[in-house]
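# Per-entry structural report
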Amino acid sequence: MASYSYDETGQYFFFLITFLTFILLPWTYFALRPKDSAASKAKAPVAGWNTKHESVRKSRSRAWGISKSHVALALGWVAFAFVLQRALNYESPVTFYDPYKILGISTGATEREIKKFYRKLSLKYHPDKLRLADNQTKEEADNHFVELTKAYKALTDEQIRQNYEQYGHPDGKQEFSMGIALPKWMIETQNNGYVLGVYGLLFGIALPWFVGSWWYGSRRVTKDGALTTTADGYFKELKEDVDFEKAVEILSGSSEFSPANPKGPVIKNLKNEKAFKVLQEEVFAAMRHQNIKTSFIGEALKSPKKEYAGKAALLLYAHMLRVPVKDVSLLRDQMAVVEKSIALCVSLMHISLAHNWLAAYLTVLTLQQHLIQGFHPSLSQLLQLPYITVEQADELAKKGITSVDAFVKMADKERKEVLKDLSPKEYAHTVKVAENWPTLEIIDAKFQVVGEKAVTPGSFVQLNLKVRITPPSYSPPPSLQINGKPDDLVVEEADEKDLDELIGRKKAGTMGETPDVPVHAPRFPATRMPTWSVFVGDHKLGRVFVPPSRFNQFGYNKIRSMQLIFQAPPQPGLYTFQTYVKSDSYVGADAQKDMMMEVKQPQSEEDEDAEDDISEPDEDTIAGQMAAMRGQPFKKIEDGDEEEEEYTSSDSEESESSSSSDSDSD
């Protein structure tokens, strides 16, 4: 009958250490890793924000939310420390027979030295000559001497030494047993109920709950990170002709802002009615001043089910209309809503692209830009610059200054007069940011079919783009100028970068490379790196013809070469497209170029030969002689043709002379 022995010495602690390590290490990594490592390392400019906003922003970045998962993780590491301490103090009961250790000699001793040393030990420990100690018995002394004798023979006697080398013991093969690395108390009868209860709790309840939570959690969220209920609402409410205010309404109704959000509410101060009432009055006043008409907020605030959507819209409009939020708790909620809205805008853009809606995609992208920069489209673009207030931007608008480029070209004296409230340091910083504002410029763009002279229906067309960021203070170097004027067709090879380098497949060159800096968006609650999108649209049809390709690390003052490959329309005709290069973070820094593409039916071989024959000039013509001088093809005249021509010429002369003589005779 088989018998089992269970561990009573603590060996199972080593198994528990391995088990806990496989669970705790990945759990700790995913629980504590930064959300955006690139943004966390970068230092974003924060000028232009008041002290309260900046302090709340820093406190949010330092906040460590303690969740149930963090508590469970901490308990797991406590258990790991306990198991590790027990394992370090573990003493194995298994010992290996070592005759050298028993005799107390080194392993390199010779047989002669072993015999000599054994004689000394036998004189000292022989039972007949040994004087017993106070706590020593006769039996213990005899056993000790037997062990010494066995060790000596294991090293000197041939037969006993073979047993030691083969079986690890001078007496030959010994009993060997293997136990189960489980504590004995787990299989004791009186503990059966507790053990079965723990097994049932772990494998019958905890494991199915964990797997089910993961499964339903993954189904509850789309690949864009939005809740499926939010995406369903977007599909129903987003239309092709959506305008800016409707896009804000759709965004505010996201389930992420609801108190029933399974991941936790984003707006945590819904019951702060007094602060919301004050903010509502100020936001409505600002909306009336800017002639922004929407009834959504008032209707939503009256509905218990849509109250969260109205308050989310209030916080978004307060952010874009520069309405100060005086309550610190509401300010934290506003930052959370704005930051979450950027991720939700991505979901809205993907839905627009799924329908190929050009206008809807541009509207949502514009909304994202204004949320990051923190101002409404009805306000001046100059509010992107630090320290400039709404009143100063309005005063500049009265002078015709509405763009960053116009602000830079403005006379310094006149500019200082408008911004007289700024200190010299603040004024210098504002001008510096404006002079380096990343404005895009499309230098060259053309459609091309490789190996073909024309674009045919269904062929693969290659859009070749040359783009660069030209800040308002940029002036082309002499190599890009002709007669002192910029010439965009003159391009230095060292100033170009291909798409592989743009999207990170290839390491960027180091020749005068200026690395990208974080987006200048002091009113946005998180640090962002710039991202750019290139796509092709058709205004007449209102469709996105070529979906966006996104890239980063653009760099300043460098011409970038990009290629987009797409399929031409299936029908011949003349098509008008718009090529866009747009930023996801800056307003007014985009580039657009209208382009024409003619799609022709492919020519047959006979037509091509006929066209070639017509296009080549004759050898005896002036055009043919010029083509021969240039090395271009021309049509040669054969000898038969020359004789025929000469004959015809002589005949004509004879006929002319005969006709003239006839006329004389007459």
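Small disclaimer: the values here were computed from a predicted structure and weren't measured.

On to the environment of Pro457, then. As for its position among the elements, Pro457 is in the loop between strand 3 (440-448) and strand 4 (460-469). It is 9.2 Å that separates the C-alpha atoms of Pro457 and Gly573, two residues lying 116 residues apart in sequence. With residues near it in sequence (within four places) discarded, Pro457 still touches Pro569, Pro570, Gln571, Pro572, Val599, Lys600, Gln601 and Pro602.

Moving on, we get to the side chain of Ser380. Here Ser380 lies in the loop between helix 16 (358-373) and helix 17 (390-398). Setting aside residues no more than four positions away along its own chain, Ser380 makes contact with Phe375, Ala393 and Thr402.

Let us now look at a positive patch on the surface. Positive charge collects at one region of the surface, where Arg112, Lys116, Arg119 and Lys120 lie side by side. Looking at the secondary structure, you find Arg119 in helix 6 (residues 111-125).

Our focus in this paragraph is the nonpolar core. Counting residues in hydrophobic clusters, the biggest one holds 114 residues, and the most contacted among them are Leu251, Tyr317, Leu367, Leu385 and Phe407. Dropping the residues within four chain positions of it, Tyr317 is found in contact with Glu245, Val248, Val283, Met287, Ile292, Thr294, Ile297 and His376.

The next subject is the confidence of the model for the chain. Averaged over every residue, the pLDDT of the chain is 77; the share at 70 or more is 70%. Helix 16 holds the highest mean pLDDT among the elements of the chain, 96, whereas helix 2 (residues 37-41) holds the lowest, 38. Here residues 479-515 is a poorly scored stretch, pLDDT under 50, and it has 63 contacts once near neighbours within four places are set aside; other chains count.

Moving on: the side chain of Gln392. For Gln392, the position within the fold is in helix 17. Gln392 has contacts with Tyr387, Val418, Leu419, Asp421 and Leu422, leaving out every residue within four places of it along the chain.

What follows is about the pairing of strand 11 (residues 573-583). Every other side chain in a regular strand lies on the same face of the sheet, so the side chains alternate between the two faces. When you tally the buried positions in strand 11, you get 8 out of 11 residues, the bulk of the element. Note that strand 8 (residues 532-538) and strand 11 share 6 bridges and pair antiparallel. Bridging from a neighbouring strand, Val534 pairs with Val581 of strand 11. As judged from the 9 bridges shared by strand 11 and strand 12 (residues 591-599), these two strands associate in the antiparallel manner. Across the sheet, the residue bridging to Thr579 is Lys593, located in strand 12.

On to helix 6, then. Here helix 6 spans 20 Å end to end across 15 residues, near enough to the 21 Å set by a 1.5 Å rise per residue. Along helix 6, the residues that are buried comprise Ile114, Tyr118, Leu121 and Ser122. Angular distribution of buried residues about the axis of helix 6 spans 100°; they occupy a single face of the element. What points out from helix 6, more than 90 degrees from its buried face, is the exposed set Arg112, Arg119, Lys120, Leu123 and Lys124. As for helix 6, its buried residues are in contact with helix 5 (99-103) and helix 7 (138-156).

So, about the environment of Ala141. Along the chain, the position of Ala141 falls in helix 7. Residues Ala141 and Pro127 lie 14 residues apart in sequence; the distance between their C-alpha atoms is 6.3 Å.

Under the definition given, this model contains 9 aromatic pairs. Aromatic pair Phe545 and Phe566: ring centres 5.6 Å apart, planes at 85°, arrangement edge-to-face. Here the residue Phe545 occupies a position in strand 9 (residues 543-551), and Phe566 occupies one in strand 10 (residues 559-567), the gap between them amounting to 21 residues. A relative accessible area of 8% places Phe566 in the buried class. Consider the rings of Tyr575 and Phe577, whose centres lie 6.2 Å apart with planes at 10°: the pair is stacked. The exposure class assigned to Phe577 is buried, which follows from its relative accessible area of 1%. The lysine or arginine in question, Lys311, covers the ring of Phe276, its NZ or CZ lying 4.5 Å from the ring centre. It is Arg415 that lies over the ring of Phe407; its NZ or CZ is 5.3 Å from the centre.

Considering the arrangement of structural elements, one finds Ile443 in strand 3. Along the sequence, Ile443 and Ser561 sit 118 residues apart, while their C-alpha atoms lie 9.9 Å from each other.

What follows covers the pattern of salt bridges. Across all of its chains, the model carries 12 salt bridges by this definition. Asp590 is paired through a salt bridge with Lys582; the nearest N and O atoms lie 2.9 Å apart.

What follows concerns the pairing of strand 4. Taking burial as the measure, the 10 residues of strand 4 include 8 buried ones, the bulk of the element. In terms of strand pairing, strand 3 meets strand 4 through 8 bridges, oriented antiparallel. The residue bridging Phe447 from the neighbouring strand is Leu463, located in strand 4. Looking at chain direction, strand 4 and strand 10 are connected through 8 bridges and run antiparallel.

At a closest axis distance of 10 Å, the pairing of helix 10 (residues 228-237) and helix 15 (residues 328-355) adopts a crossing angle of 45°. Compared by their axis directions, helix 10 and helix 15 come out oblique. Here helix 10 and helix 15 pass one another in a crossing that is right-handed. Residue-level contacts link Thr230, Ala231, Tyr234 and Phe235 of helix 10 to Leu344, Ser347, Leu348, Ile351 and His355 of helix 15. Within the contact of helix 10 with helix 15, the residues separate by chemical class into 6 nonpolar, 3 polar and no charged.

The next point concerns a nonpolar patch on the surface. A cluster of nonpolar residues, Val198, Tyr199, Leu202, Phe203, Leu207, Trp209, Phe210 and Val211, forms a patch on the protein surface that exposes about 880 Å² of accessible area. Within the element layout of this structure, Trp209 appears in helix 9 (residues 192-220). Of the residues examined, Trp209 reaches a relative accessible area of 60% and is grouped as exposed.

Calculation criteria
Residues numbered from 1 in each chain as written. Predicted model: local features only at pLDDT ≥ 70, side-chain atom pairs only at ≥ 80, totals over all residues. Heavy atoms only, no water. Helix = DSSP H or I, 4+ residues; strand = E, 2+ residues; numbered from the N terminus. Contact = heavy atoms within 4.5 Å. Patch = residues over 30% accessible without salt bridge, like charges linked within 9 Å, V, L, I, M, F, W, Y side chains within 5 Å. Areas by Shrake-Rupley, 256 points an atom, 1.4 Å probe, with all protein chains shown as cover. Salt bridge = Lys/Arg side-chain N within 4 Å of Asp/Glu carboxyl O. Lys, Arg positive; Asp, Glu negative; His and termini not counted. Charge placed at Lys NZ, Arg CZ, Asp CG, Glu CD. Core = buried A, V, L, I, M, F, W, Y, C linked by side-chain atoms within 4.5 Å. Buried < 20%, exposed > 50% of the residue type's maximum accessible area, 1.4 Å probe, protein only. pLDDT = per-residue confidence, 0-100. Pairing = 2+ DSSP bridges. Expected span 1.5 Å × (residues − 1). Arc of directions from axis to C-beta. Phe/Tyr/Trp six-rings, centres within 6.5 Å; stacked < 30°, edge-to-face > 60°. Lys NZ or Arg CZ within 6 Å of the ring centre and 35° of its normal. Axes fitted to C-alpha atoms, helices over the stretch in contact; angles between N-to-C directions. Parallel < 35°, antiparallel > 145°, perpendicular 65-115°, else oblique. Left-handed = near helix turned anticlockwise from the far one by under 90°. Nonpolar A, V, L, I, M, F, W, Y, C, P; charged D, E, K, R; others polar.

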